[in-house]
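# A structural walkthrough
Okay, here's what each chain looks like letter by letter:
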Amino acid sequence: MRTVLSAAHRLVVFVGNYGSGKTEIALNFAAALAALGKNVSLADLDTVTPAFRSRDVKAEMARLGVRVLAPAGEMANTDLPSIPAEIVGAIRMAPGHVILDVGGDRTGSRVLGFFHEAFFKEDYEAYFVVNPWRPFTSTAAQIESALAVIEASARVRVDGLIGNPHLGPQSGLADILEQVPVVQEAAVNLHRPVKFWAAAKHLAAALQEKVSEPVLPLELYMRPPWER
Amino acid sequence: MAERMLMKGNEALAEAAIRAGCRFYAGYPITPQSEVPEYMSRRMPEVGGVFIQAESEVATVNMLYGAGGAGARVMTSSSSPGISLMQEGISYMAGAEVPGVFVNMMRGGPGLGDISPSQGDYFQATKGGGHGDYRLIVLAPGSIQEMVELMQDAFDLADKYRNPVMVVGDGMLGQMMEPVTMPPMRDLSTLPAKPWATTGAAGRKKNIINSLELDPYVLEKHVQSLKAKFDQMQATEQRHDTYLIDDAEIVVVAYGTVSRVARSAIDAVRGEGIKAGLFRPITLWPWPEVALARVVESGRVKAFLVAEMSTGQMIEDVRLTVSGRVPVHFYGRYAGVVPTPKELAGVIQNLQAQLK
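Source: prediction; values computed, not measured.

## Observations regarding the interface of chain B and chain A
Taken residue by residue, the interface counts 26 residues in chain B and 26 residues in chain A. Across the chain B to chain A interface the summed buried area is about 2400 Å²; carbon plus sulfur atoms make up 64%. Among the residues of chain B in contact with chain A, B:R4, B:L6 and B:R42 are the three that bury the most area, contributing 26% of the side total. There are nine residue pairs in polar contact (both at pLDDT 80 or more) connecting chain B and chain A. Contributions of two or more residues to the side of chain B that touches chain A are made by β1 (4-8), α2 (35-43), α7 (171-175), β8 (177-181) and α9 (256-270) of chain B. Considering only residue class, the side of chain B that touches chain A consists of 14 nonpolar, four polar and eight charged.

Structure follows, in structure tokens:
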């Protein structure tokens, strides 16, 4: 399988709509970088959802060599629109890569606007995660307008798409392949590359045979307790 | 919009409501269900419906009273503290026989509590909630697909009985994603007529929607007619589901999120030869007493284990039905803590050891 791990910049940002798979991809991307011996932190900037956030797997990530920066203690269990100062500092100054796992949609990605100044001082790479099986991003046209909304709200320039088509852990390869052309069409219209694809690890190799861009095999961390 | 989709519970129930013909949503945001108003604010204008972010939950329920009284299919959604604020209006709607759908994505309480999943509002949903002699049909989905289906039924039942219907989930069911297949959009012209609605009295006698009646003998007659509806609901609307119950000696009784945990726990202990099964109420009210009594009368069950994300609320209904014929045990996690399959499997194993 082709390697997806070419983070050219210290700051790597994942944005996208609710439930597009940003967190799952950020976690797996960070873990893969750490496995290569890189110094990696992951900033959980989700201020809009109360569950299925990267802070929930902080200990698991630590074992994989990824430092999760997230509100601590009681504040971990809130969805308040605030980012603790130590996280802001770490994003600006942490050595090694910092992966930014941002909340969904216009509302969740607005938090990135706060880091606008830092982004101007230092270059970054930002990717838009998309799953056409999700509402509001099921056609190329919808994806294009969703991306524009988030670029404006987050004040970031999106460098490419991450194709993450799936219908949950029971998805088959056919479910993934059905939506690959939708992501490809959106990428063409947006004049931006598909940076990589993502698929549950048992399907990644099969998907790689069908697409030319690399495929990130996913370990699924964001599952309800009865599936973990 | 595609028919097959991957959806969060909160999004799925909102889309399902629109498919069921809901064209009026009022609400006030509260975690863990704010995706519902957010989704509605986006979708209602697309289907020619009305979305209102009300100034409060009290305003919300009164908007439902008005729009429901005028004949629209209406709904709101909230989470525990917000549902508490709506109770007065729910009682008014039941009294005035105004249909409407209420969704409660329960969170940890009492008081402001936390924003994590809970089932602490069972009593509130099934035993009154507001004042006066009334009942709500309370539907408790165990998956996102079932949530979609029960939302259709919720609107139909509300209209059929001219009574509010409540759908209860929790923060977990609201936030988790599962693949769903959406039913087609209902043709609004095929919905049942509402000759009682306040649609403008031109050319006919006035319709009046009101819950005030100062003559106790007249009010008593009205409450008797309400009771007749509730009796009919009890006789015809009980629903439940079972899993591996045919040979079960230990029967777990659980609904919603806990029923999912229970299924995993039952699978685990079955692997060790423990004959465990699940009884899952789908209607919390009317309580599925007929089916549960049949399980008791089968004579196979040696113990019930009621598992809830509360300190023990549904267990009272289980005990009433079981009536002391079989021991009823309890396991609860609450205040926002979701039990794991492993810990519930441990409880079943301990119970099995006691039986021997």
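We are not done yet, so read on.
## Brief notes about the environment of A:A199
Residues and elements named next belong to chain A. Structurally, A199 can be placed in strand β7 (residues 194-200). Classification of A199 by relative accessible area gives buried; the value is 3%. When the C-alpha positions of A199 and P165 are compared, they lie 7.7 Å apart, and in sequence the two are 34 residues distant. If near-sequence neighbours (up to four positions away) are discounted, A199 is found in contact with I176, A204, L207, V215, L216, P217 and L218.

## Some details on the side chain of B:D170
All names here are of chain B. Considering the arrangement of structural elements, one finds D170 in strand β7 (residues 164-170). Here D170 sits buried without a salt bridge, and the closest side chain of opposite charge, R260, lies 9.8 Å off (N-O distance). For D170, the side chain forms a polar contact with the main-chain nitrogen of M172, separated by 2.7 Å. Among the polar contacts listed, one links the side chain of D170 to the side chain of T257, at a separation of 2.7 Å. When sequence neighbours within four positions are dropped, the list of residues in contact with D170 reads M105, M106, P117, S118, Q119, T257 and M309.

## Description of the pairing of strand β4 (residues 97-102) of chain A
The side chains of a regular strand alternate between both faces of the sheet. Residue and element names in this part refer to chain A. Of all the six residues making up β4, six are buried; the element is thus mostly covered by neighbouring parts of the structure. Strand direction decides the pairing type here: strand β1 (residues 11-16) and β4, joined by four bridges, are parallel. Its bridge partner lying in β4, F14 is registered against D101. Bridge count between strand β2 (residues 40-45) and β4: six bridges; the pairing is parallel.

Reading guide: rules and limits
- Along each chain, the written sequence defines residue order, and numbers are assigned to residues from 1.
- Each chain gets a letter, beginning with A, and each ligand a number, beginning with 1, in the order they are written.
- Predicted model: local features are reported for residues with pLDDT of at least 70 only, side-chain atom pairs are reported and counted for 80 or more only, and whole-chain, interface and lining totals are derived from all residues.
- The basis for every side-chain value is the complete set of heavy atoms in the structure, and neither hydrogens nor water enter the calculation.
- Should any heavy atoms of two residues lie within 4.5 Å, those residues are considered in contact.
- Accessible-area loss on putting two parts together, using a 1.4 Å probe and summing over both, is the definition of buried area adopted here.
- Whenever a nitrogen or oxygen atom comes within 3.5 Å of another N or O atom, the pair is scored as a polar contact, on the condition that within protein one atom can donate a hydrogen and the other can accept it, and that pairs from neighbouring residues in sequence are kept only if both atoms are in side chains.
- A helix here means a DSSP run of H or I that spans at least four residues, while a strand means a run of E at least two residues long, and both kinds are numbered starting from the N terminus.
- As a working rule, the residues Ala, Val, Leu, Ile, Met, Phe, Trp, Tyr, Cys and Pro are called nonpolar, Asp, Glu, Lys and Arg charged, and the rest polar, with Gly in that last group.
- A 1.4 Å probe rolled over the protein chains alone gives each residue an accessible area, and that area as a share of the maximum for its type sets the label: buried under 20%, exposed over 50%, partly exposed in between.
- Positive: Lys, Arg. Negative: Asp, Glu. His and the chain ends are not part of the count.
- Here, a salt bridge means any Lys or Arg side-chain nitrogen found within 4 Å of an Asp or Glu carboxyl oxygen.
- Strands were regarded as paired on the criterion that DSSP finds at least two bridges between them.

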